[in-house]
Amino acid sequence: GAGVSQSPSNKVTEKGKDVELRCDPISGHTALYWYRQSLGQGLEFLIYFQGNSAPDKSGLPSDRFSAERTGGSVSTLTIQRTQQEDSAVYLCASSFRTGVTNTEAFFGQGTRLTVV
Amino acid sequence: AQTVTQSQPEMSVQEAETVTLSCTYDTSENNYYLFWYKQPPSRQMILVIRQEAYKQQNATENRFSVNFQKAAKSFSLKISDSQLGDTAMYFCALGGTYKYIFGTGTRLKVLA
């Protein structure tokens, strides 16, 4: 596609429910990232996929969070048993790699998750 | 460990004036990129400018330019002729072999 696409744009869920957030990266981009941004705050790294390599999950805040990337393209971030502190904007980005270095990240518009 | 530090949480500038946003970083990698991203209230992250570490020449994009001091690990953004549409959160970011590291951001307000 022309850009990184995320769905849904907004999600309101009840505490304790599971949610799935989707990211469709730019075609040809081998790297995909998930970040979390709480209101007025910076970007908190969650997980990073690079080609067929094992993902870097070091930023996932708890075992309630998981992500997968199917076929090296679309990614789904799943949050189980949501808590109110999970409320945030979840940003997905993708990038192209030259050699061993990732060039600029292109971001989706984000999913605003509200847990009530 | 890689770090990015933005020491100015908020700044304001009069329309048509010039403002400089500061950023320092730390990395042990030799090949890396530095970026400035803009995030307006729409929350869409927009790339403003990028700098390859191996290039000595400072990057320029229209009214936006950087002062890249590699030895000092400093990467500041200068916005000339500020416009109301420049009002946004600005993030400095470091990209290399792995994930991007972002600073905490500087909220810039352009005053009419």
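The following paragraphs examine the structure supplied in this document. Being a predicted model, the structure only gives us computed values, none of them experimental. (Residues numbered from 1 in each chain as written. Chains lettered and ligands numbered in written order. Predicted model: local features only at pLDDT ≥ 70, side-chain atom pairs only at ≥ 80, totals over all residues. Heavy atoms only, no water.)

### Quick word on the overall build of chain B
Right, on to step 1. Regarding its fold elements, chain B presents zero helices and twelve strands.
Right, on to step 2. Each helix and strand of chain B, ordered N terminal to C terminal, gives the series β-β-β-β-β-β-β-β-β-β-β-β.
Right, on to step 3. Here the C-alpha radius of gyration of chain B, 13 Å, is about what a compact globule of 112 residues would show, namely 13 Å.
Right, on to step 4. Projected onto its principal axes, the C-alpha positions of chain B cover 40 × 25 × 20 Å.
Right, on to step 5. The proportion of buried residues among the 112 residues of chain B is 51%.
Right, on to step 6. With the model as given, the accessible surface of chain B reaches about 5600 Å², and the carbon-plus-sulfur share is 46%. (Helix = DSSP H or I, 4+ residues; strand = E, 2+ residues; numbered from the N terminus. Rg over C-alpha atoms; globule rule 2.2 N^0.38 Å. Buried < 20%, exposed > 50% of the residue type's maximum accessible area, 1.4 Å probe, protein only. Areas by Shrake-Rupley, 256 points an atom, 1.4 Å probe, with all protein chains shown as cover.)

### Regarding the pairing of strand β4 (residues 31-37) of chain A
Residues and elements named next belong to chain A.
Right, on to step 1. Here β4 lies mainly inside the structure; seven of its seven residues are buried.
Right, on to step 2. Where burial is concerned, the two faces of β4 agree: the one with Ala 31, Tyr 33, Tyr 35 and Gln 37 and the one with Leu 32, Trp 34 and Arg 36 are both buried.
Right, on to step 3. Hairpin connection, β4 to strand β5 (residues 44-50): the antiparallel pair is bridged by six residues, and Gly 40 has positive phi, about 70 degrees.
Right, on to step 4. In this sheet, strand β8 (residues 88-95) lies alongside β4 in antiparallel orientation, the contact comprising seven bridges. (Pairing = 2+ DSSP bridges.)

### Thoughts on the nonpolar core
All names here are of chain B.
Right, on to step 1. Judged by nonpolar contacts, the single largest core of 26 residues is most densely connected at Tyr 25, Trp 36, Phe 75, Leu 77 and Tyr 90.
Right, on to step 2. Elements with a minimum of two residues in this core: β3 (19-21), β5 (33-39), β6 (46-52), β8 (64-69), β9 (74-79), β10 (88-95) and β12 (106-111).
Right, on to step 3. The biggest single contributor to this core is β10, with four residues. (Core = buried A, V, L, I, M, F, W, Y, C linked by side-chain atoms within 4.5 Å.)

### So, the interface of chain A and chain B
Right, on to step 1. Listed by partner, the interface residues are 30 residues for chain A and 21 residues for chain B.
Right, on to step 2. Here chain A packs against chain B, burying approximately 2000 Å² in sum over the two surfaces, 52% of which is carbon and sulfur.
Right, on to step 3. Note that Arg50(B) is salt-bridged to Glu104(A), the shortest N-O span being 2.3 Å.
Right, on to step 4. At the boundary of chain A and chain B, one finds 13 residue pairs in polar contact (both at pLDDT 80 or more).
Right, on to step 5. Where the side of chain A that touches chain B is concerned, the elements lending two or more residues are β4, β5, β8, β9 (97-98), β10 (101-102) and β12 (111-115) of chain A.
Right, on to step 6. Along the lines of polarity and charge, the residues of the side of chain A that touches chain B split into ten nonpolar, 16 polar and four charged. (Contact = heavy atoms within 4.5 Å. Buried area = accessible area lost by both parts, 1.4 Å probe. Salt bridge = Lys/Arg side-chain N within 4 Å of Asp/Glu carboxyl O. Polar contact = N/O pair within 3.5 Å; in protein donor to acceptor, adjacent residues only side chain to side chain. Nonpolar A, V, L, I, M, F, W, Y, C, P; charged D, E, K, R; others polar.)

### As for the sheet that holds strand β1 (residues 5-7) of chain A
Residue and element names in this part refer to chain A.
Right, on to step 1. The strand order across the open sheet formed by four strands is β1-β3-β7-β6, and the pairing between neighbours is antiparallel. Every other strand in the sheet has two partners, leaving β1 and β6 (65-69) as the edge strands with one partner each. Averaged over all neighbouring strand pairs, the angle between strand axes comes to 15 degrees, with direction disregarded.
Right, on to step 2. Bridge count for β1 against strand β3 (residues 19-24) is three bridges, and the pairing is antiparallel. Counterpart to Ser 5 in the pairing with β3 is Asp 24. (Axes fitted to C-alpha atoms, helices over the stretch in contact; angles between N-to-C directions.)

### Remarks on the pattern of salt bridges
Side chains that differ in sign of charge can pair as their charged atoms come close.
Right, on to step 1. The tally for this structure, following the rule as stated, stands at seven salt bridges over all chains.
Right, on to step 2. The salt bridge involving Arg50(B) is made with Glu52(B); its shortest N-O contact spans 3.3 Å.
Right, on to step 3. Take Glu52(B): its relative accessible area is 9%, and that puts it in the buried class.
Right, on to step 4. Notably, a salt bridge pairs Lys55(B) with Glu52(B), separated by 3.9 Å at the nearest N-O pair.
Right, on to step 5. Judged by relative accessible area, Lys55(B) falls into the partly exposed class, the value being 38%.
Right, on to step 6. Three or more residues are tied together by salt bridges with common partners; here these are Glu104(A), Arg50(B), Glu52(B) and Lys55(B).

### Structural notes on the side chain of Ser94(A)
All names here are of chain A.
Right, on to step 1. Structurally, the position occupied by Ser 94 is in strand β8.
Right, on to step 2. Judged by its relative accessible area of 0%, Ser 94 falls in the buried class.
Right, on to step 3. A distance of 3.4 Å separates a polar atom in the side chain of Ser 94 from the backbone nitrogen of Ile 26.
Right, on to step 4. Residues in contact with Ser 94, not counting those within four places in the same chain, are Val 4, Pro 25, Ile 26, His 29, Ala 31, Leu 32, Tyr 33, Glu 104, Ala 105 and Phe 106.

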